[in-house]
Amino acid sequence: MATISTLAYLVAAVLFILALRGLSHPETSRRGNLYGMIGMAIAIVATLFHHGMDLGGIVLILVGLALGGSVGAVVAKRIQMTALPQLVAAFHSLVGMAAVFVAAGAFYSPESFGIGTHGHIHTQSLIEMSLGIAIGAVTFSGSVIAFAKLDGRMSGAPIIFKGQHLLNAALGALLLVLVIAFVATGSPVLFWLIALLSFALGFLLIIPIGGADMPVVVSMLNSYSGWAAAGIGFTVGNLLLIVTGALVGASGAILSYIMCKGMNRSIINVLLGGFGAEAGGAAAGGATAERAPVKAGSPEDAAFIMKNAQKIIVVPGYGMAVAQAQQVLREMGDLLKKEGAEVEYAIHPVAGRMPGHMNVLLAEANVPYEDVKELEEINPEFAEADVAYVIGANDVTNPAAKTDKSSPIYGMPILDVERAKTVFFVKRGMSSGYAGVDNELFFRPNTMMLFGDAKKVTQEIVQALQK
Amino acid sequence: MNPTDLANQATATANRALELAEAARRAAEAVAPVAQAAEPFLYLLTIFLMACFVGYYVVWNVTPALHSPLMGVTNAISSVIVVGAILAAGTADSTLARIFGFIAVTLAAVNIFGGFLVTRRMLAMFQSKKKG
């Protein structure tokens, strides 16, 4: 029986790898997701036949699966695509919490996991267990904060106080001491103290990180949830948990790296937090005064110019998601295509609040994915474009990133919208972007500001185009 | 050298070999518990590192447009932790451990169903626009 279950776990692990492999192209991606589902089903069924499983236990498990499964299914069905980042953050927190509870289960019943007897758990298992609890608990509380920030239940602004990093370092050191004591004594009190302290640490690590850094945070927590699963896998000696945990951990780490590169910042810099919080006031106040007045236009003006354009590049940002403007944006694109223009969409790596957020929203609005371009691919094309339509994006278009060494966003790869003949900025007002820096593009002669809600402005352009 | 001496020498050598074998056996016995503990761990560590590499190479091939669904899938499969939860809920000898297992099964199940289904929804969007 043990051989069969090991074999089943192996099959599940291979299916999980194929699931990730399938995501290399939109065509194969659905099959990939299906592989993932089959792998999970195999893993669950194989475990139900585990030695020592009793009827009461199976009933308990099935009730849990049905209960959680129906909640998950309903949530997945109802969630709006713009709310995807907070949903993913909430899901990460569940993995973290589940890891803590599995560790607790193993701690209170070591015999059923073969890691020793009650009160005499193998030293090595205790080390692995404390890793599992700590990572799981940090994942949980960190994801809860990320969720609250993304969902607007908590201000997205960084929360910084004096001695923050010192406090975190001290708590980290204390955690290490607790782990050593726990491994030496195997005391239940220490088990829960480690969990509590890790909860606090996860909370403190995420509060100083601001809203627009969330793509990094979400990726990082994704990675943590994998390491937590792997940690539990080592504790209970389960091959499938280790392999899957490593896959997820590596995947999240790569996404974090890509997101950091998209902002030209190190992961340390992001994690230390507080980005843009201090710079905001000073930079916005001083620089604007001497600049030329901005040119504001009406949606009708924009419609007229775009009607005569050959090539239009749309640059969506988080503002588009907030305003739910993706549908009407696609309508605008369709009308312009009918007029004979070429319409493309340029996606910055960190646009939105999670990796690939904009792509999903555009896909939801039925924008063909062939029209959606990555930064490296689209940048040379701006010079040939008649119009760049920037909707809800700001910092990712700021040329200061290329020229101004003192700017906080210096070195960040940007979309070269300024090379287009005309640049439209759809914006609510003149406020600076997340990084707290002014965007000099607003003051250029070839820029026209379209003030108002992203959805409303685009709707008015659509109406003007239809006339 | 006469045959008797030769035989005696041979016997002595044989005895010496036996002694050495016995010493080796005793040494092996002494090391065995250590090896027993270290071997499965090294084995698991090897698998873990290999899986990290596999994850690394596979994920670099994922197109940036699908980064959100990638997160959905990895999030769903990380709830494979349900395996540990099932073992706790179904085989534990303490009620407390079973309760913990039950909670963990429920939490992981939210994630499994939620994660795979929301990913399916996302991917369906990427699919449908191909016709458009």
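Since the structure is predicted, the reported quantities are computational estimates derived from the model, not experimental observations.

### Details of the domain arrangement of chain A
Residues and elements named next belong to chain A.
Then, number 1: Domain parsing of chain A yields domain 1 (1–78), domain 2 (81–280) and domain 3 (288–466).
Then, number 2: Computed from C-alpha coordinates alone, the two centres of domain 1 and domain 2 are separated by 23 Å.
Then, number 3: Between domain 1 and domain 2, the residue contacts involve eight residues of the former and six residues of the latter.
Then, number 4: Taken together, both faces of the contact between domain 1 and domain 2 bury some 740 Å²; the carbon and sulfur share is 88%.
Then, number 5: Our count for the contact surface shared by domain 1 and domain 2 stands at zero salt bridges.
Then, number 6: At the junction of domain 1 and domain 2, the tally comes to zero residue pairs in polar contact (both at pLDDT 80 or more).
Then, number 7: No other element matches helix α1 (residues 2–22), which puts six residues into the side of domain 1 that touches domain 2.
Then, number 8: Classifying every residue of the side of domain 1 that touches domain 2 by side-chain character gives eight nonpolar, no polar and no charged.

### Description of the environment of Gly233(A)
All names here are of chain A.
Then, number 1: Here glycine 233 is to be found in helix α8 (residues 214–236).
Then, number 2: The class for glycine 233 is buried, based on a relative accessible area of 0%.
Then, number 3: Remark: the alpha-carbon pair of glycine 233 and methionine 129, spanning 104 residues in sequence, is separated by 9.3 Å.
Then, number 4: Residue contacts for glycine 233: discarding those within four places in its chain leaves Asn238, Leu241 and Ile242.

### With respect to the sheet that holds strand β6 (residues 387–391) of chain A
Residues and elements named next belong to chain A.
Then, number 1: The six strands lie next to each other as β5-β4-β3-β6-β7-β8, forming an open sheet whose pairing is parallel. Each edge of the sheet is formed by a strand with only one pairing partner; in this case those strands are β5 (372–374) and β8 (447–451). Strand-to-strand twist across the sheet, computed as the mean angle between neighbouring axes with direction ignored, equals 25 degrees.
Then, number 2: When strand β3 (residues 311–316) meets strand β4 (residues 342–347), the two strands line up parallel, connected through four bridges. Following the sheet pairing, isoleucine 312 is matched in β4 by valine 343.
Then, number 3: On the sheet, helix α14 (residues 326–338) packs against β3, β4 and β6 and is oriented at approximately 145 degrees with respect to β4.

### Observations regarding the pairing of β8(A)
Residues and elements named next belong to chain A.
Then, number 1: Within β8, four of the five residues are buried, leaving the element largely enclosed by the surrounding structure.
Then, number 2: Of the pairings in the sheet, the one linking strand β7 (residues 422–427) to β8 comprises five bridges and is parallel in character. Bridged to lysine 427 within β8 is phenylalanine 451.

### Observations regarding the pattern of salt bridges
Then, number 1: Here the structure, examined in full by the defined rule, presents 17 salt bridges over all chains.
Then, number 2: Look at the salt bridges and you will find they share partners, linking Lys311(A), Glu342(A), Glu344(A), Lys373(A) and Glu381(A) into a network.

### Details of the packing of helix α12 (residues 299–307) of chain A against helix α18 (residues 454–466) of chain A
Residue and element names in this part refer to chain A.
Then, number 1: The interhelical angle for the contact between α12 and α18, taken along N-to-C directions, is 55 degrees, at an axis separation of 8 Å. Looking at the two axes, α12 sits oblique to α18. Like other packed secondary-structure pairs, α12 and α18 cross with a definite hand, here right-handed. Contacts between α12 and α18 involve Pro299, Glu300, Ala302, Ala303, Met306 and Lys307 from the first element and Val457, Glu460, Ile461, Ala464 and Leu465 from the second.
Then, number 2: Of the residues assigned to the contact of α12 with α18, the class counts are eight nonpolar, no polar and three charged.

### Focus on unusual backbone geometry
Then, number 1: Positive phi, close to 50 degrees, is recorded for Asn264(A), a residue that is not glycine.
Then, number 2: Note on placement: Asn264(A) falls in the loop between α9 (239–263) and α10 (267–272).

### Details of the interface of chain A and chain B
Then, number 1: In this complex, chain A contributes 105 residues to the contact, which on the side of chain B involves 80 residues.
Then, number 2: Where chain A abuts chain B, roughly 8,200 Å² becomes buried across the two surfaces, and 79% of that area is made up of carbon and sulfur atoms.
Then, number 3: Linking chain A to chain B there are one salt bridge.
Then, number 4: The salt bridge involving Asp54(A) is made with Arg98(B); its shortest N-O contact spans 2.8 Å.
Then, number 5: The interface formed by chain A and chain B holds twelve residue pairs in polar contact (both at pLDDT 80 or more) in total.
Then, number 6: When residues of the side of chain A that touches chain B are traced back to their parent elements, those giving at least two are α1, α2 (26–48), α3 (55–78), α4 (84–108), α5 (123–150), α8, α9 and α15 (357–364) of chain A.
Then, number 7: Looking at the side of chain A that touches chain B, the element that brings in the most residues is α9(A), giving 16 residues.
Then, number 8: Residue classes in the side of chain A that touches chain B are distributed as 65 nonpolar, 30 polar and ten charged.

Definitions and cut-offs
- Residues numbered from 1 in each chain as written.
- Chains lettered and ligands numbered in written order.
- Predicted model: local features only at pLDDT ≥ 70, side-chain atom pairs only at ≥ 80, totals over all residues.
- Heavy atoms only, no water.
- Domains from an automatic or database assignment.
- Contact = heavy atoms within 4.5 Å.
- Buried area = accessible area lost by both parts, 1.4 Å probe.
- Salt bridge = Lys/Arg side-chain N within 4 Å of Asp/Glu carboxyl O.
- Polar contact = N/O pair within 3.5 Å; in protein donor to acceptor, adjacent residues only side chain to side chain.
- Helix = DSSP H or I, 4+ residues; strand = E, 2+ residues; numbered from the N terminus.
- Nonpolar A, V, L, I, M, F, W, Y, C, P; charged D, E, K, R; others polar.
- Buried < 20%, exposed > 50% of the residue type's maximum accessible area, 1.4 Å probe, protein only.
- Pairing = 2+ DSSP bridges.
- Axes fitted to C-alpha atoms, helices over the stretch in contact; angles between N-to-C directions.
- Parallel < 35°, antiparallel > 145°, perpendicular 65-115°, else oblique.
- Left-handed = near helix turned anticlockwise from the far one by under 90°.

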